[in-house]
Amino acid sequence: MEPFRTLTALAAPLDRANVDTDQIIPKQFLKRIERTGYGDFLFFDWRRNAAGDPDPAFVLNDPRYKGAQILIAGKNFACGSSREHAAWALNDFGFRAVIAPTFADIFFSNAGKNGIVLARLTEEQVAQLLHNAKTLPNYQLTVSLEDQTVTDSFGFNATFEVDPFRKFCLIEGLDDIGLTLRHEATLDTFEAKHDQAGWLKAKAS
Amino acid sequence: MSTESKTLFEKVWQQHVVVEPQGEPTLLYIDLQLLHEVTSPQAFEGLRVAGRKVRRSDRCIATVDHNVPTTIAGRLHIIDQIAATQIATLRQNCAEFGVEFYDVNSHEQGIVHVIGPELGITKPGMTIVCGDSHTSTHGALGALAFGIGTSEVEHVLATQTLPQSKPKTFRIAVEGELPRGVTAKDIILAIIGQIGTDGATGCVVEYAGSAIRALSMEGRMTVCNMSIEAGARAGMIAPDAITFAYLKGRRFSPAGDAWDQAVTEWSKLPTDPGAKFDRELIIDAATLVPYVSWGTSPGMVAPITSSVPDPAAAPNEQERKGLERALEYMGLTAGTPLEDVSIDRVFIGSCTNGRLEDLRAAARIASGYKVSTHVSAMVVPGSQAVKAQAESEGLDRVFREAGFDWREPGCSMCLGMNPDILAPGERCASTSNRNFEGRQGRGGRTHLVSPEMAAAAAIAGHFVDIRNWEVKA
């Protein structure tokens with residue numbers, strides 16, 4: 001996982017609430033067995049019309065937002081299906097941070113595993129950023145995970161909450177399994193005792 | 001009240017805490033991981049790359065459901081090569097890592113959330129995960145069950161644990177008697193409509209109250225299944241006599257003395273009197289009616305007796321734009337009575353409503369009638385076992401005589417990852433769980449309803465109020 005400290009980049013406005021993971025990466029692209037190569041399929045049904053041609057009305061097809069690494073979206077972003085492909089597709093496309101009022105729980109976890117920083121700001125702050133990104137040319141934001149701030153060069157300055165452990169893992173780019181295995185001895189002891197509870201076994205023998 | 005009072009969720013959580021490292025999430029032991037073809041290949045590949053093993057293959061079960069075609073011919077030769085590769089990859093991974101696998105033609109195959117309970121693998125008090133958001137289904141038996149991403153699937157395969165921050169608790173009590181024609185599906189659609197698709201984000205919901213206790217196991221599974229559509233981490237229902245009766249004698253349920261001991265342990269799980277929840281909501285069952293979703297989010301539901309809502313009445317601009325976009329996608333005009341909305345397709349099945357009781361309920365409505373000439377309707381049993389039992393009861397005959405297509409088990413048209421999809425613009429009455437844009441096929445229009453409402457819509461050719469249906473059977 002790539003470490004994340006501070007990112008200053010172009011921000012793209014996706015002014016919709018309840019964007020679900022079926023939109024972020026439609027199901028026809030979930031049949032692959034790889035972890036990479038999903039960027040072309042990000043928001044596929046919104047980016048392309050039925051004939052497969054780019055829809056110029058969709059924000060990510062607007063040349064102004066080419067190369068954007070920060071996505072601004074409405075509340076309850078990435079709700080629905082647990083597919084981690086949504087995080088992979090955002091990452092592959094180049095997004096390293098998403099700013100929204102709220103995120104769905106499973107995606108929140110998936111994003112963290114893929115080095116994507118999620119910044120929860122208030123509805124008003126997000127509305128301001130959406131407005132700025134739509135109206136100001138080449139609108140850049142700085143997301144600092146170290147300072148837990150989102151800032152621009154016009155005086156916007158907001159702080160966001162992040163769990164200290166999640167922050168540590170994102171900054172260091174740490175592998176979760178390795179972290180868990182620090183507790184292997186404790187786990188062995190727990191498991192030996194837990195296995196005595198026959199009523200919690202998948203298959204009672 | 002005593003400070004010792006605990007909720008069902010807290011009891012299950014506490015029994016699975018491996019370690020609570022200072023300043024880090026709790027490390028939670030996972031009793032069971034369910035695996036399927038779509039969200040597991042990258043997890044097994046991760047293990048291989050890191051040279052890791054599956055820690056407890058006896059706590060894993062795998063099957064194929066998302067991609068499998070639902071016709072016999074389609075299953076013999078899967079034309080979609082990418083889907084076929086994904087299925088073959090799971091078969092190979094299970095063989096390599098020693099995980100029990102219920103393959104396409106096995107008698108145990110079915111939607112992962114249908115087979116867990118029916119085989120007696122899912123049990124009260126367990127922690128259960130699966131790379132699928134509808135894992136919440138298993139909470140109906142008093143398990144803590146939740147969907148995870150593929151990195152977490154790999155983490156559980158390697159360690160049989162997950163680092164988890166403790167969710168909040170939310171008690172939703174449905175009190176009173178359900179009116180005739182109102183089902184478990186209507187309960188959960190009503191709840192989502194009321195609290196919204198992010199109404200339970202960060203929470204484990206415990207469904208309680210007399211209307212919930214009166215539900216069968218199948219009905220409870222329908223309610224817990226759609227917890228995720230309200231944003232919840234999981235849904236749970238306290239185990240009781242109905243739960244135990246459902247589990248007794250199932251293939252992987254304990255037997256003899258072990259059964260008695262299990263029931264003793266499971267009986268300790270229900271929430272103690274006086275236990276505190278972070279949030280509570282009480283719903284009067286008598287106020288519930290049959291619902292139909294009209295938009296592109298499961299929160300966009302309305303009573304069958306009402307009309308397509310008017311975006312002009314939205315409280316703010318973002319919501320108004322959202323409603324307008326939904327109506328445009330759905331091809332609906334504000335003010336149209338829902339009973340006047342005509343349909344092209346009907347899908348009865350899925351992990352929400354693909355169990356035996358659902359098929360019985362739909363067959364009862366369809367019996368003696370014919371599917372409307374402009375409707376194509378299909379029934380997809382949730383598992384091989386459901387299919388076999390339904391056939392032994394003659395339900396397949398009832399459906400076939402009425403003009404429904406009777407299929408092989410799988411996720412089918414719930415998510416359109418297999419050949420069962422809507423054509424652009426087609427309108428479907430569906431017993432599944434999501435009406436997102438393109439969910440059942442690009443441009444397809446999904447309306448979520450109960451099995452009874454879906455069967456009646458198939459026959460009438462448009463939505464009807466099931467409370468006025470004349471049952472011929």
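These remarks concern the structure in this document. Keep in mind the model is a prediction, meaning the values are calculated, not measured.

Moving on, we come to the overall build of chain B. Per the secondary structure count, chain B includes 17 helices and 19 strands. The C-alpha radius of gyration of chain B comes to 22 Å, within 12% of the 23 Å expected for a compact globule of 473 residues. Among the 473 residues that make up chain B, the fraction classed as buried is 67%. Of the contacts formed within chain B by residues at least 6 apart in sequence, a portion of 76% connects residues at least 24 apart. Working note: accessible area of chain B is about 15700 Å², and carbon and sulfur atoms make up 50% of it.

Let us look at the interface of chain A and chain B. Chain A puts 63 residues into the contact, and the matching count from chain B is 82 residues. Contact between chain A and chain B buries roughly 5800 Å² in total, counting both sides, with carbon and sulfur atoms accounting for 52%. On the chain A side of the interface with chain B, the three residues burying the most area are Lys31, Trp199 and Lys203 of chain A, jointly 14% of the side's total. Joining chain A to chain B, the criterion identifies 14 salt bridges. Linking Lys31 of chain A and Asp80 of chain B is a salt bridge whose minimum nitrogen-to-oxygen distance equals 2.6 Å. When contributions to the side of chain A that touches chain B are tallied by element, the ones reaching two or more residues are α1 (21-24), α2 (44-47), α3 (85-93), α4 (105-113), α7 (176-180) and α8 (184-194) of chain A. Per-element tally for the side of chain A that touches chain B: the top contributor is α8 of chain A, with seven residues. For the side of chain A that touches chain B, the per-class residue count stands at 19 nonpolar, 18 polar and 26 charged.

Turning to the environment of Ala17 of chain A, a few remarks are in order. Turning to its location among the elements, Ala17 of chain A is positioned in the loop between β1 (6-14) and α1. It is 6.8 Å that separates the C-alpha atoms of Ala17 of chain A and Phe77 of chain A, two residues lying 60 residues apart in sequence.

This part takes up the pattern of salt bridges. A pair can form between side chains of opposite charge whenever their charged atoms are brought close. One pass over the structure, following the stated rule, counts 43 salt bridges over all chains. When the shortest N-O distance is used, the salt bridge between Arg55 of chain B and Glu191 of chain A registers 2.8 Å. With one member in each of two chains, Arg55 of chain B in the loop between α2 (41-50) and β4 (60-63) and Glu191 of chain A in helix α8 form a pair that bridges those chains. Here Glu391 of chain B and Lys387 of chain B are joined by a salt bridge, their closest N and O atoms 3.3 Å apart. Of this pair, Glu391 of chain B and Lys387 of chain B both sit in helix α15 (residues 384-392), four residues apart, which is roughly one turn of that helix. Judged by relative accessible area, Glu391 of chain B falls into the partly exposed class, the value being 32%. The buried category is assigned to Lys387 of chain B, whose relative accessible area is 12%.

Ranked by internal contacts, the top residues of the largest apolar core, which has 101 residues, are Leu144, Leu157, Ile172, Val174, Ile191, Tyr207 and Trp266 of chain B. In this view, Ile191 of chain B contacts Ile172, Val174, Gly196, Tyr207 and Ile283 of chain B; residues no more than four positions away in its chain are not counted. Listed in part, the 91 residues of the second largest apolar core include Leu118 of chain A together with Ile111, Ala326 and Tyr369 of chain B.

What follows covers the sheet that holds strand β10 (residues 203-208) of chain B. All names here are of chain B. One open sheet holds the four strands; their spatial order is β11-β10-β9-β12, and the pairing between them is parallel. Bordering the open sheet on either side are β11 (234-236) and β12 (279-284), each of which pairs with just one other strand. Geometrically, the sheet is characterised by an average inter-axis angle of 20° between neighbouring strands, direction not taken into account. Strand direction decides the pairing type here: β10 and β11, joined by three bridges, are parallel. Within the sheet, the bridge partner assigned to Val204 lies in β11 and is Ala234. Helix-sheet contacts for helix α7 (residues 184-195) involve β9 (168-175), β10 and β12, and the interaxial angle to β9 is about 125°.

All names here are of chain B. Given a rise of 1.5 Å per residue, 14 residues ought to cover 20 Å, and the 20 Å separating the end C-alpha atoms of helix α12 (residues 317-330) matches this to within 8%. Of the residues making up α12, those classed as buried are Gly322, Leu323, Ala326, Leu327, Tyr329 and Met330. Along α12, the residues classed as buried sweep out an arc of 160° about the axis, all on the same side. Where α12 is buried, its residues meet β18 (427-430) and β19 (445-448). Capping the start of α12, Asn316 holds a side-chain oxygen 3.3 Å from the backbone nitrogen of Gln318, two or three residues further along. At the exit of α12 stands Gly331, carrying a positive phi of roughly 65°.

The next subject is the pairing of strand β15 (residues 345-348) of chain B. Residues and elements named next belong to chain B. The side-chain alternation of β15 yields two buried faces, one formed by Arg345 and Phe347 and the other by Val346 and Ile348. Bridge count between β15 and strand β16 (residues 376-379): four bridges; the pairing is parallel. Bridging across to β16, Arg345 finds its partner in Ser376. Here three bridges tie β15 to β18, and the two strands are oriented parallel to one another. Counted as the bridge partner of Val346 is Ala429 from β18.

The next thing to look at is the packing of helix α14 (residues 356-366) of chain B against helix α16 (residues 395-402) of chain B. A pair of packed helices can be characterised by two numbers: the angle between their axes and the separation between those axes. Residue and element names in this part refer to chain B. Two elements in contact, α14 and α16, have axes separated by 9 Å at closest approach and are oriented at 40°. As far as their axial angle goes, α16 and α14 are oblique. Taken as a pair, α14 and α16 cross one another with a handedness that is left-handed. Seen from α14, the contacting residues are Leu356, Leu359, Arg360, Ala362, Ala363 and Ala366; seen from α16, they are Leu395, Val398, Phe399 and Ala402.

Residues and elements named next belong to chain A. One open sheet accounts for seven strands, arranged β4-β3-β2-β1-β5-β6-β7; its pairing is mixed. Each of the sheet's edge strands pairs with one partner strand only, and the pair in question is β4 (117-120) and β7 (157-159). For this sheet the average axis-to-axis angle between neighbouring strands, irrespective of direction, equals 25°. Relative to strand β6 (residues 149-151), strand β5 (residues 140-144) runs antiparallel, the two sharing three bridges. Looking at the pairing, Thr142 lines up with Thr151 of β6.

Here Glu152 of chain B lies in helix α6 (residues 150-159). There is no salt bridge for the buried Glu152 of chain B, and the closest opposite charge comes from Lys113 of chain A, which lies 4.3 Å off by N-O distance.

Rules and cut-offs
- Residues numbered from 1 in each chain as written.
- Chains lettered and ligands numbered in written order.
- Predicted model: local features only at pLDDT ≥ 70, side-chain atom pairs only at ≥ 80, totals over all residues.
- Heavy atoms only, no water.
- Helix = DSSP H or I, 4+ residues; strand = E, 2+ residues; numbered from the N terminus.
- Rg over C-alpha atoms; globule rule 2.2 N^0.38 Å.
- Buried < 20%, exposed > 50% of the residue type's maximum accessible area, 1.4 Å probe, protein only.
- Contact = heavy atoms within 4.5 Å.
- Areas by Shrake-Rupley, 256 points an atom, 1.4 Å probe, with all protein chains shown as cover.
- Buried area = accessible area lost by both parts, 1.4 Å probe.
- Salt bridge = Lys/Arg side-chain N within 4 Å of Asp/Glu carboxyl O.
- Nonpolar A, V, L, I, M, F, W, Y, C, P; charged D, E, K, R; others polar.
- Core = buried A, V, L, I, M, F, W, Y, C linked by side-chain atoms within 4.5 Å.
- Pairing = 2+ DSSP bridges.
- Axes fitted to C-alpha atoms, helices over the stretch in contact; angles between N-to-C directions.
- Expected span 1.5 Å × (residues − 1).
- Arc of directions from axis to C-beta.
- Polar contact = N/O pair within 3.5 Å; in protein donor to acceptor, adjacent residues only side chain to side chain.
- Parallel < 35°, antiparallel > 145°, perpendicular 65-115°, else oblique.
- Left-handed = near helix turned anticlockwise from the far one by under 90°.
- Lys, Arg positive; Asp, Glu negative; His and termini not counted.

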